[in-house]
Amino acid sequence: MEQVTSKQPINGSNKKHQNNINNAFASHYAKSMFIAISGLAILTFIGTRMFTHVDLNLYGYMVGTIVFLGGFFYRFIAWGERPPTKIMIKKGIKLLFRKSTPKTSVDHLATYKFIWNRGIYRWTQHVMIGWGCLLACAVTFPLVFSWMYFTMEENGMYTIVLFGMDLMVVPADGAIAFLSYNALNISAIMVIIGVCMALYRRLKNMQARAEQQLFYDFLPLYLLLFISITGLLLTVINVFLHGKGHYVMSLIHQFSVIVTLIYLPFGKLAHIPFRPLSVFARNYREHYGEKEMKECKVCGTEFVSTEQSNDVINVLGTNNIEFNMNDGFNLAELCLPCRRKYRIARFSGSPTHQVPVKEANQNAKG
Amino acid sequence: MTMTINDSTYTTETAKTKRRLYMELENCIGCRSCLAACTQCGGHEQRNRNYVYDVNPLVNRQTMPLMCLHCVDPACARSCPAQAIQIHETGAVLSALVEKCIGCQNCTIACPYGIPKFDEEENLMYKCDLCIDRTKDDIPPMCASVCPSNTLQWLTEEEIAEKQNRHDLDNEKWVTSMPYLEGETNVKVNLPGILQGTVKLF
Amino acid sequence: MQRDKFFREIENVTHPNEKLVKTHCSYCGMQCGMNLRVNTITNKIIGVEPRYDWPVTVGKMCPKGVTAYQQTNHDDRILRPLIRDDASLKGTKEGFREASWDEAYDLIAKRFGELQSQYGKDSLSVFSGVSMTNEKCYLTGKFARVALGTRYIDYNGRFCMSSAAGGFLRSFGVDRGSTLPWTDVHETDCLFIAGSNTAECHPTSMFRVWAVQERGGYLIVADPRETPVARRADVHLDLRPGTDLALANGIVHLLIKNGHIDEAFINKHTNGFDETKDLVKDFTPEHTSMITGVAVEKIERAAEIYGKAPNAIVMFARGIEQQHKGVDNVSAYTNMALVTGKIGRPKAGVATFTGQGNGQGGREHGQKSDLLPGYRKIYDKEGAAYVSKVWGIDPEDMPQAGVSAYEMFELMQEKTIRGLYLLCSNPAVSAPNLNFVREALKNLDFMVCGDFYLSESAEYADVILPSVTWSEDEGTVTNLEGRIIKINKAQEPIGESKPDWQMQVELAERLGKGKHFSHLKTAKDVAEEFRLASKGGNADYYGATWDKIDEQDGVFWPCKDAEDKGTPHMFLDKKFYHPDGKAKICALPYRPPAEEPCEDYPLRLTTGRVVYHYLSGNQTRRIQFLNDMCPEPYVEVHPVTAAKYNIEHDENILLFTRRGKANYKVKITEAIREDTVFVPYHFGHDESINLLTIAALDPMSRMPEFKACAAQIEKLKSGKVL
């Protein structure tokens, strides 16, 4: 949910304090956990003006968040330790300040341009779910940790307080105020629309059907639906039933959020916090591509950056996979068509990869 | 690396029922029906995922298919920073999970056979998933279903073993892994030379 | 029914809101089984699923078959009748306007009426095709003779199957494309395949062909090119195009000389052996080799294998049939089976690879200029009287035999024929000597074309009637085995398109012949009448009801009545269909191709198919996958020849004959004879190789010699298209 903010400081501190602080902790995991919880505590301390403004109704969420962080770091570190991931993260951070980073980030993380290219339906669905969730988190978490709260003055004005500072004063019946107290309702409706679209597609579309699994693909959708519906019901109860059953419903809602938070790092939703890596990947390809391209050892076509070719060879090496051929090259040094033709040559004994004829169309559309 | 055949780890029962993709390269007639049919598989979304090559185009009409061989230790998955390439319980190495693939294209560089394709627009890798919606229920993948020449077949372990008994003359023409492949694969390959070991009827 | 080792029970994959409709492919004579995926909400065809339970092809399909479903809802479909008022635009796509069916019918009735009252009944003609159901083929014959009352009807089988038909009729007295079911093919011990690029033209036969070799059997292929099937042959007889008759005679000579003949069979069941023996005496391996260009050892080896094989099947296709001695070639290769007695039993026989989907059924039921339903000759009084009765006409009114397909164009050119109803065919691409044929089409006073796409031939029409694809109608088709199978309807016709039989019924009503047609309201009605009309003929379909076809996985004709299960194997009783019950071994003197290479035209040009396209390409060139794979024609040239002309791979050159010229990209390959060049024929307009081919007709089948003529290459200065 709040993917961008939580991860980068962690990585940053990881790197800076590597030498001196590392030894104090049993593992990366413990260290990260320590830093995260400390950070959380400090923020909350500031936000609540030394714990004077804590909304105790929301303490369940707080526990949930901390469990979530535990799971998240566990997953993230297990993942980040894999050689290819490590390289991508390391080089990604180094290249974070490329000129193209803001644009790539917006494309990948905000407007989902690549999903647009996969289809307008999927894009709409993803925007609804993605931005619905982001909006909900942006409102919920500051409330939970009391970084933000609202006060109502006598004069019909409404003050939004962020980290103890008055962010803005708005008329209580104005548009901004309306949007603020209905932010969660709006986000719930967005998520419901998006999830329904996703469920419909999953039931209908063959690709989705082919590989889907109940727990991996459907559970997160059902969880989001559960959260959104119970959240909306809270509003319904308040507005139409004058708060009857509010307490029970708020417990159910809280329960749904906590379950989702705990599940998040382990299921399909884990792609949310890990997604920024696609910005790293783009930077990595662009930067090293500009630096030096690898020429195919057979046909001379530049097909990938030298850096990536070497990185892949090294990564595979750490897994004891080596593709050095007797013909004097590593397979990662051949462009894709040549690599395929080289295999055909190995199969047939004819030098397929050396015949200077354009290959038959391999991408004809069905 | 040495040649390993893990057939012995299977019980007789699985050998009778567990089916694999088997490629009889000598049979290929270059019709590319496998490519056309690939797009027909549940959600391959009009994009085919395999290859057919003219072996020696200026000389003869020999062709050979090249599909994902579904490595037991797949380099594509090993090189993926996002763990987007999953291995199905049947051994099929699946196409990248759309939500996880970050578009780095490591897999395309890692694959020793050059199989994964990359869609720049969608920032997404796609590859043969052995028609997992079919093969998970033991329905042959589309390519092997339609292959008019029986180059691609969907055979039980036992049937493949029978073929090996007939055609494997210990001269490296029968290939299930080394030396012509870079590691053990779930797809079994028989190099050209199928007729070796065949006794003529008269 | 007959299930073999390739058959396995496999479930089909279905998705929600989707049903599968069992049917067969729209293209070649293999008629591969397939399931069409139909969306049950939109009722549109959306894809294809293998039909694993079809005994002939067990789910297999070539790329054409896999993508065939894309024809139905294609953007290029003609949805409403089109009329062109400005005749000067003939030969172009321009000038058509949409019209109602009424307007189109009225115009056709008026113009046909004018022409017939002014120039006589026979001023009209029908040119049809056999890529459609038996019901449509049958009704087209009836329409021509009853509704139009013209003698001039013929069909594109003249460019396809007529030589095989002629050869079989002469040798056996009956023309069924294969004497045995395809499920026998892989169990034979030797396949002798002549003039068939099986791997590209009938790909789904290939798993059976390879299975013969895998069992230890032999494969012999006679072809000027090393096609994918020839590449793996035990013996590849790489003969000069147009010299098949010599090769067949040479092999029969060796069979006799080596004592591989079955004298008992010859004496009891055949005529003509002695004359043939006399004739082939001269065809020693050396003599044969001199004519054909095939090495002596190869000829000897092929004869030895075929002779020794316990069971063998001789198979052939257009390579030997599309010659001006096509009928002789067919009989000559059939002689191999007759002298060795390798016929009239399972796993042995003779078969031709039928080119078009219903090439077999379509030629049996009255589209040929001299045939009536049930393979009755039109000049056979008794048969004509029977058919007249079924049709409800006076036998006196039955028109006489007309002329063959190509000869119709000659009559158009000399204005004997002034009006044409063309359907299910694209002669502006598929006929030989196209400059002449296109001129003849332009020369017509009035032309109607039924098609579902605007074909190259439709460009010459005054009225285009939108017909349906195979999946929007039902009916029977007879595949290359002689097995009658059922095509099922998967979706309603799109737009205002109609099946051809319905157009013909409605048009007949406008022409005042309603009483012979109006009772035909469904395809099934046509089927019932057609079965009756075929009853008692050689190709007797009377017992082949749609129910029986479903129950038995098809019915092999002849099938005379309700009890008759059909005839998968022909001649099991060694009774042939000549009056004396004997087959004929034909003595056939060799004739060279009509046009032999000379100094000005030193190359032999031969034509054929590629796996991605079907016939004139009117359908397949519109399918994206197929067009991506093979978007343009090319000329295959041997590197030695290419060096002589100083031309390179992918270079554009000019290829020309005495009749025409065209530019082609060069494809260098050693898989062709040095003296031969090859161009695929699926392309239209300036790319048609038939601009160059010769219209030398076989004296019996009237088949043009597509497969051999003399040509020359000219290097272009720029290497670019002129």
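Residues numbered from 1 in each chain as written. Chains lettered and ligands numbered in written order. Predicted model: local features only at pLDDT ≥ 70, side-chain atom pairs only at ≥ 80, totals over all residues. Heavy atoms only, no water.

1. A word on the packing of helix α3 (residues 134–148) of chain C against helix α22 (residues 523–534) of chain C
All names here are of chain C. What counts is decided by this rule: Helix axes use the C-alpha atoms of the stretch in contact, all axes being lines fitted to C-alpha atoms, and the angles between their N-to-C directions lie in the range 0 to 180 degrees. Counting from the N terminus, the helices are DSSP H or I runs at least four residues long and the strands are E runs at least two residues long. Note on terminology: angles under 35 degrees are roughly parallel, angles over 145 are roughly antiparallel, angles of 65 to 115 are roughly perpendicular, and the others are oblique. Handedness of each helix crossing follows the sense of rotation of the near helix against the far helix: counterclockwise by less than a right angle gives left-handed, clockwise gives right-handed. In what follows, residue pairs with any heavy atoms lying within 4.5 Å of each other are defined as contacts. Under the scheme applied, nonpolar residues are Ala, Val, Leu, Ile, Met, Phe, Trp, Tyr, Cys and Pro; charged residues are Asp, Glu, Lys and Arg; polar residues are all the others, including Gly.
Closest axis-to-axis distance for the α3/α22 pair is 9 Å, and the angle between their directions is 70 degrees. Between α3 and α22, the angle is such that the two are roughly perpendicular. The two elements α3 and α22 cross, and the hand of that crossing is left-handed. Side by side, α3 and α22 meet where N134, E135, Y138, L139 and K142 of the first sit next to A523, V526, A527, E529, F530 and A533 of the second. Considering only residue class, the contact of α3 with α22 consists of seven nonpolar, one polar and three charged.

2. Examining the interface of chain A and chain B
For clarity, the cut-off: Accessible area that two parts lose when put together, with a 1.4 Å probe and added across both, is what the buried area reports. Take a side-chain nitrogen of Lys or Arg and a carboxyl oxygen of Asp or Glu: if they are within 4 Å of each other, that pair is a salt bridge. Any pair of nitrogen or oxygen atoms within 3.5 Å is treated as a polar contact; in protein, a donor-acceptor pairing is required on top of that, and neighbouring residues in sequence qualify only through side-chain atoms on both sides.
The interface is formed by 61 residues belonging to chain A together with 68 residues belonging to chain B. Roughly 5600 Å² is buried in total at the junction of chain A and chain B, and carbon and sulfur atoms are behind 55% of that figure. For the pair chain A and chain B, the interface holds two salt bridges. Where E182 of chain B meets R346 of chain A, a salt bridge forms, and the shortest distance between an N and an O atom there is 3.9 Å. At the boundary of chain A with chain B, the tally comes to 22 residue pairs in polar contact (both at pLDDT 80 or more). Of all the secondary-structure elements, those providing two or more residues to the side of chain A that touches chain B are α4 (59–80), α5 (83–94), α10 (206–211), α14 (277–291), β5 (302–305), α15 (306–318) and α16 (336–348) of chain A.

3. Focus on the packing of helix α11 (residues 285–292) of chain C against helix α12 (residues 296–308) of chain C
All names here are of chain C. Look at α11 against α12: their axes get within 9 Å of each other, and the N-to-C directions meet at 115 degrees. The way α11 lies across α12 gives a crossing that is right-handed. When α11 is examined against α12, the residues P285, E286, T288, S289 and T292 are found in contact with a partner set consisting of V296, I299 and E300. Residues of the contact of α11 with α12, tallied by class, amount to three nonpolar, three polar and two charged.

4. Concerning the confidence of the model for chain C
Quick reminder of the rule: Confidence of the predictor in every single residue is expressed as pLDDT, which spans 0 to 100.
Averaged over every residue, the pLDDT of chain C is 95; residues scoring 70 or more account for 99%. ipTM for the predicted complex: 0.93, alongside a pTM of 0.91.

5. Side note on the pattern of salt bridges
Cut-off, in case you're wondering: Buried residues are those whose accessible area, probed at 1.4 Å on protein chains only, stays under 20% of the maximum for their type, while exposed residues exceed 50% and partly exposed ones sit between those limits.
Tallied over the full model, the rule gives 73 salt bridges over all chains. When the shortest N-O distance is used, the salt bridge between R80 of chain C and E98 of chain C registers 2.9 Å. You can see R80 of chain C sitting in the loop between α1 (63–67) and β4 (82–84) and its partner E98 of chain C sitting in strand β5 (residues 96–98), a full 18 residues away along the chain. Under the relative-accessibility criterion, R80 of chain C is labelled partly exposed at 29%. Of the charged contacts, one joins K415 of chain C and D445 of chain C as a salt bridge, the two residues approaching to 2.5 Å between their closest N and O atoms. Of this pair, K415 of chain C sits in the loop between α17 (405–413) and β16 (419–423) while D445 of chain C sits in the loop between α19 (434–442) and β17 (446–451), placing them 30 residues apart in sequence. Salt bridges here are not isolated pairs; linked through shared partners, they connect R61 of chain B together with E200, R225 and E636 of chain C.

6. Describing the sheet that holds strand β7 (residues 153–155) of chain C
All names here are of chain C. Our working rule: Between any two strands, pairing holds if DSSP finds at least two bridges.
The strand order across the open sheet formed by seven strands is β5-β4-β18-β17-β16-β6-β7, and the pairing between neighbours is mixed. Edge positions in the sheet fall to β5 and β7, since each of these pairs with one other strand and no more. Each strand of the sheet is rotated relative to its neighbour by a mean of 20 degrees, with strand direction disregarded. Of the pairings in the sheet, the one linking strand β6 (residues 124–128) to β7 comprises three bridges and is parallel in character. Residue pairing in the sheet places V126 in a bridge with I153 of β7. On top of the sheet, α17 reaches β6, β7 and β16; it is set at about 145 degrees to β6, its chief contact.

7. Some points on the confidence of the model for chain B
Regions with low pLDDT should not have their predicted coordinates read in detail. Per-residue pLDDT for chain B averages 87, and the proportion of residues at 70 or more is 90%. Confidence drops under a pLDDT of 50 for residues 1–10 of chain B, and excluding neighbours within four residues, the segment shows 17 contacts in the predicted structure.

8. A word on the interface of chain C and chain B
In this complex, chain C contributes 54 residues to the contact, which on the side of chain B involves 46 residues. Carbon and sulfur atoms make up 53% of the area that chain C and chain B hide from each other, which totals about 4000 Å². If you sort the residues of chain C by the area they bury against chain B, R8, E214 and R231 of chain C come out on top, with a joint share of 17%. At the boundary of chain C with chain B, the tally comes to six salt bridges. A salt bridge links K163 of chain B to E214 of chain C, with the shortest nitrogen-to-oxygen separation between them at 3.0 Å. Our enumeration of links across chain C and chain B arrives at 26 residue pairs in polar contact (both at pLDDT 80 or more). Of all the secondary-structure elements, those providing two or more residues to the side of chain C that touches chain B are β3 (45–50), α1, α5 (198–201), α6 (206–214), α7 (228–231), α12 and α24 (624–629) of chain C. A per-element tally of the side of chain C that touches chain B places α6 of chain C first, with five residues. Taken together, the residues of the side of chain C that touches chain B sort by class into 27 nonpolar, 10 polar and 17 charged.

9. As for the sheet that holds strand β2 (residues 157–162) of chain A
All names here are of chain A. In space, the three strands of this open sheet follow the order β1-β2-β3, with antiparallel pairing throughout. Every other strand in the sheet has two partners, leaving β1 (148–152) and β3 (165–171) as the edge strands with one partner each. Along the sheet, successive strands turn relative to each other by an average axial angle of 25 degrees, direction set aside. Here β1 runs beside β2; their pairing, made up of five bridges, is antiparallel. Counted as the bridge partner of F150 is I160 from β2. Most of the contacts of helix α9 (residues 175–204) go to β3, to which it runs at about 115 degrees, and overall it touches β1, β2 and β3.

10. Observations concerning the environment of Y149 of chain A
Among the structural elements, Y149 of chain A can be located in strand β1. Distance from Y149 of chain A to V139 of chain A, taken between C-alpha atoms, is 9.6 Å for residues 10 residues apart in sequence.

11. Examining unusual backbone geometry
All names here are of chain C. Of the consecutive residues W557 and P558, the connecting peptide bond is found in the cis state with omega at -5 degrees. Residue placement: P558 occurs in the loop between β21 (555–556) and β22 (583–584). The phi angle at V58 is positive, at roughly 35 degrees, despite the residue not being glycine. Within the fold, V58 resides in the loop between β3 and α1. You will see that R702, though not glycine, has its phi angle at about 60 degrees, which is positive. Locating R702 in the fold gives a position in the loop between β27 (676–680) and β28 (709–715).

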